[in-house]
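# Residue-level structure breakdown
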Amino acid sequence: MQISNIINLQSGKGRFFCRKMFHKVFWMTNLASLGLVAANIMDAVVIGRQMGASGLAAIGMVSPIYVLYNILGYGFSVGGAVTFSKLMGKGKDEAAVSHFNQILLLSVLVSAFIGIAGNLLLTPIVHLLGGAAADAAVIKMCKDYASLILWTFPIFMINFVFYEFVRCDDDQRIASISYVIGCLSDVALNWILVVGLDIGVQGAAWATVIGQFVSVLILTTHFFKPGYHLHMALSKINFAETLISFKIGLSTSSRYFFQCLYLIMVNNLLMHFAPDGNLYVAVFDVVMNVTYIGCFIYTAACETMSPLASTFNAEHNRENLIELLKTALLYGCIGSILLGIVIAVFADPVASMFGLNNALSVSAIRAYCISISFTAFVEISACFYQAIEKPKAAGIITLLRNFVILFPISAIIGIYWTQYFWYALPAEEILTALAASFVIFKAIPEEDDNVFSYTLTNDQKDVSRLLSQVEDYLEQSDSGIKQSYVISMVVEELCTAIIEHAFKNDPEEYIQLTITPEETGNIVVNIRDSAVSFNPFEMQTKRLNVDSASDHAAIDAMGILMIKKKAKEFYYRRYQGFNVTTIIV
């Protein structure tokens with residue numbers, strides 16, 4: 001019998017876990033994304049209504065600095081979180097926590113250096129961002145805004161790192177709350193400082209910084225909660241490991257590097273070639289802010305998918321990986337289509353919200369709406385391949401979307417047909433989606449014939465069928481007699497303990513098992529179950545009276561004790577509403 005003929009015998013049932021885990025996080029992440037949308041656009045809304053096109057032009061020219069923050073923030077936080085999830089999935093919790101502390105320290109040091117250097121070089125930076133062709137009033141507003149957010153760069157970076165790692169430590173609730181409250185603080189302070197106290201662009205900058213700080217304070221409470229793994233400690237930076245994580249994150253965050261160059265290029269093009277440079281840059285800033293509204297659904301899908309994909313990838317769980325990608329694309333793309341229709345219908349009031357009541361703004365917003373669903377497809381696909389450590393596929397998609405196609409189209413239309421510039425974005429997104437589809441499906445992980453996968457129900461008879469399949473698998477593998485014996489014992493004892501002591505005979509109770517050989521000769525057994533919180537390694541042993549029915553639990557506990565003695569490593573955690581047990585033999 002070929003190994004490939006016995007894996008995935010219960011294919012389909014395992015998708016139960018994927019769907020449940022995705023839905024559990026997705027709706028909370030949407031809430032956080034909505035809060036982020038409000039915070040991201042509030043500067044433009046308040047400044048536009050209070051200070052008009054000149055104010056919008058000023059914060060539009062400064063926006064590449066925020067893009068730089070995204071490059072480094074997502075590079076460190078997302079890349080580090082992928083490594084953290086992978087290590088946790090393998091049961092290496094101490095290494096995972098150490099990696100968190102290294103990423104945190106390095107990101108703070110880098111951001112502090114950039115903040116100081118940026119303020120020392122503030123005048124040439126503002127000129128590079130498009131200020132060379134702007135009037136004195138716009139340049140002063142640019143400097144006032146940029147100076148403050150550069151000095152406070154470390155606060156932004158800490159928020160990036162805390163948020164991603166806290167989510168991966170299975171505390172999505174506090175992560176979402178921190179984002180929502182931080183963003184609402186930003187929104188409220190914008191109205192108080194800019195409108196109420198008339199502080200101008202500096203008020204908008206202070207509102208953003210304080211909102212970030214509030215979010216950090218809330219996220220900090222996670223480190224004092226029992227039952228989680230993350231804690232802060234001084235760790236020596238392993239530059240090789242942290243740079244590998246940064247490289248993983250950079251495969252997606254690099255799009256912000258191109259976005260930074262793109263914003264600088266467009267601001268300069270519109271200032272030089274448009275009939276009214278200030279107005280066109282202001283409209284462009286409005287469109288960029290509307291993209292925050294348009295992206296919140298597929299951004300939530302990406303953020304939900306990323307840690308799950310890392311976990312399934314570490315478990316070599318191909319079935320769940322493919323189901324996860326399909327689910328994220330379904331929710332992200334369909335949701336984006338519906339959202340695009342709503343924005344297009346209400347384009348006029350959306351433009352008025354930013355203080356611009358003209359046909360140019362409405363046309364620009366509606367042109368953008370064409371691109372939303374195509375962007376969703378590209379972004380979700382790139383995020384997926386980043387999470388499963390296929391940076392080449394993610395990098396190709398990012399390069400196509402943010403440089404190879406975007407720059408030539410925007411430059412040509414911006415110089416020769418400036419009045420139609422707003423259609424450059426949908427043209428680029430459609431072409432990227434078509435080109436990226438060839439990369440996306442070729443990079444899907446292939447079935448690994450060496451990995452055993454099985455999903456069983458809460459029927460004790462199913463354990464016997466599983467054991468028969470495991471024995472057939474082990475006979476054809478390179479495992480020794482002793483190793484095969486221990487693996488069979490692990491599967492039987494753990495599955496039996498879960499069914500007898502954790503399940504409640506509900507119709508939807510499943511155990512998902514994967515067995516993966518490693519190059520080191522070790523074999524990793526991953527077991528995920530849908531029971532209430534149940535750590536089999538906490539079962540207590542005692543002197544046995546085999547004639548007493550009350551000692552049945554103790555007999556089961558003795559089996560768990562044998563696993564502890566025979567296994568090289570064993571690990572349990574409660575993750576996304578399910579029990580996950582990892583044993584290395």
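Source: prediction; values computed, not measured.

### Topic: the overall build of the chain
Of regular secondary structure, the chain possesses 19 helices and five strands. By the compact-globule yardstick of 25 Å for 585 residues, the chain fits well, its C-alpha radius of gyration being 26 Å. Of all 585 residues assigned to the chain, the portion counted as buried reaches 61%. Put simply, of all contacts in the chain between residues at least 6 apart along the chain, 79% involve residues at least 24 apart. Here the chain displays about 23600 Å² of accessible surface, and carbon together with sulfur accounts for 62% of that area. Between the centroid of the 37 positive side chains of the chain and the centroid of its 47 negative side chains there is a distance of 1 Å.

### Topic: the pattern of salt bridges
For the structure shown, the criterion picks out five salt bridges. Residues Arg167 and Glu164 are paired through a salt bridge, measuring 3.1 Å at the closest nitrogen-oxygen approach. Here Arg167 pairs with Glu164, and both are found in helix α5 (residues 153-168), just three residues apart, close to one helical turn. For Arg167, a relative accessible area of 2% corresponds to the buried category. Exposure remark for Glu164: the relative accessible area of 8% places this residue in the buried category. Between Arg465 and Asp462 there is a salt bridge whose closest N-O contact spans 3.3 Å.

### Some remarks on the sheet that holds strand β1 (residues 452-456)
Spatial ordering of the open sheet is given by β1-β2-β3-β5-β4, a layout of five strands whose pairing is antiparallel. With partners counted over all chains shown, the strands left at the sheet margins are β1 and β4 (569-575), one partner each. On average, each strand axis in the sheet is inclined to that of its neighbour by 10°, with strand direction left out of account. The sheet contact formed by strand β2 (residues 511-517) and strand β3 (residues 523-529) spans seven bridges and is antiparallel. In the sheet register, Gln512 faces β3, and the bridge partner there is Arg528.

### So, the nonpolar core
For soluble globular proteins, the rule of thumb is that nonpolar side chains tend to be buried together. Core analysis: the biggest nonpolar cluster contains 159 residues, and Phe284, Ile380 and Trp422 have the highest contact counts within it. If near-sequence neighbours (up to four positions away) are discounted, Trp422 is found in contact with Tyr280, Val283, Phe284, Val287, Leu360, Ala364 and Ala367. If you look at the next biggest cluster of nonpolar residues, it comprises 36 residues, including Leu466, Val486, Ile499 and Ile515.

### Overview of unusual backbone geometry
Both trends apply: most residues other than glycine have a negative phi, and most peptide bonds are in trans. Positive phi, normally seen in glycine, also occurs at Asp170, with a value near 65°. Structurally, Asp170 can be placed in the loop between α5 and α6 (172-196). Take Asp170: its relative accessible area is 17%, and that puts it in the buried class. Here the phi dihedral of Asp198 falls at roughly 55°; this positive angle occurs in a residue that is not glycine. With respect to the helices, strands and loops of the structure, Asp198 is situated in the loop between α6 and α7 (201-220).

### Thoughts on a nonpolar patch on the surface
Together, Phe273, Ile370, Ile412, Ile415, Tyr416, Trp417, Tyr420 and Tyr423 make up a nonpolar patch on the protein surface, roughly 870 Å² of accessible area in all. Tracing the backbone through its elements, the reader meets Ile370 in the loop between α12 (359-369) and α13 (372-387).

### Here's the deal with the packing of helix α17 (residues 460-476) against helix α18 (residues 481-501)
In contact at an axis separation of 10 Å, α17 and α18 are set at 165° when each is read in the N-to-C sense. By the criterion of interaxial angle, the relationship of α17 to α18 is roughly antiparallel. As α17 runs across α18, the sense of the crossing is right-handed. Facing α17, whose interface residues are Gln460, Val463, Leu466, Leu467, Val470, Glu471 and Leu474, α18 presents Ser484, Ile487, Ser488, Val491, Glu492, Cys495, Thr496, Ile499 and Glu500. A per-class count over the contact of α17 with α18 returns nine nonpolar, four polar and three charged.

### Focus on the packing of aromatic side chains
Under the counting rule described, the total for this entry stands at 29 aromatic pairs. When the ring of Phe26 is compared with that of Trp27, the centres are 4.9 Å apart and the planes differ by 70°; the resulting orientation is edge-to-face. For Trp27, a relative accessible area of 51% puts it in the exposed group. Measuring from centroid to centroid gives 5.0 Å for Phe384 and Tyr385, while their planes differ by 80°, and the two rings are edge-to-face.

### Some words on α7
Taking 1.5 Å per residue as the helical rise, α7 with its 20 residues ought to reach 28 Å, and the 29 Å between its terminal C-alpha atoms agrees with that figure. Burial of α7 is extensive: 14 of the 20 residues sit out of reach of the surface.

### Section: the confidence of the model for the chain
Residues at a pLDDT of 70 or more form 91% of the chain, whose mean pLDDT is 82. For residues 1-11, every residue scores under 50 in pLDDT, and the model assigns this stretch 28 contacts once sequence neighbours within four places are set aside. For the stretch residues 541-549, pLDDT sits under 50, and the model shows twelve contacts to residues farther than four places along the chain or on other chains.

### Remarks on the pairing of β2
Judged by how many residues are buried, β2 sits mostly within the fold: six of seven residues are covered. Both β1 and β2 contribute to a ladder of five bridges, which runs antiparallel. Residue pairing for β2: Thr455 is matched across the bridge by Gln512. The turn joining β2 and β3, which pair antiparallel and follow one another in sequence, is formed by five residues; a positive phi near 100° is taken by Gly521.

Conventions we followed
- Residues numbered from 1 in each chain as written.
- Predicted model: local features only at pLDDT ≥ 70, side-chain atom pairs only at ≥ 80, totals over all residues.
- Heavy atoms only, no water.
- Helix = DSSP H or I, 4+ residues; strand = E, 2+ residues; numbered from the N terminus.
- Rg over C-alpha atoms; globule rule 2.2 N^0.38 Å.
- Buried < 20%, exposed > 50% of the residue type's maximum accessible area, 1.4 Å probe, protein only.
- Contact = heavy atoms within 4.5 Å.
- Areas by Shrake-Rupley, 256 points an atom, 1.4 Å probe, with all protein chains shown as cover.
- Lys, Arg positive; Asp, Glu negative; His and termini not counted.
- Charge placed at Lys NZ, Arg CZ, Asp CG, Glu CD.
- Salt bridge = Lys/Arg side-chain N within 4 Å of Asp/Glu carboxyl O.
- Pairing = 2+ DSSP bridges.
- Axes fitted to C-alpha atoms, helices over the stretch in contact; angles between N-to-C directions.
- Core = buried A, V, L, I, M, F, W, Y, C linked by side-chain atoms within 4.5 Å.
- Patch = residues over 30% accessible without salt bridge, like charges linked within 9 Å, V, L, I, M, F, W, Y side chains within 5 Å.
- Parallel < 35°, antiparallel > 145°, perpendicular 65-115°, else oblique.
- Left-handed = near helix turned anticlockwise from the far one by under 90°.
- Nonpolar A, V, L, I, M, F, W, Y, C, P; charged D, E, K, R; others polar.
- Phe/Tyr/Trp six-rings, centres within 6.5 Å; stacked < 30°, edge-to-face > 60°.
- Expected span 1.5 Å × (residues − 1).
- pLDDT = per-residue confidence, 0-100.

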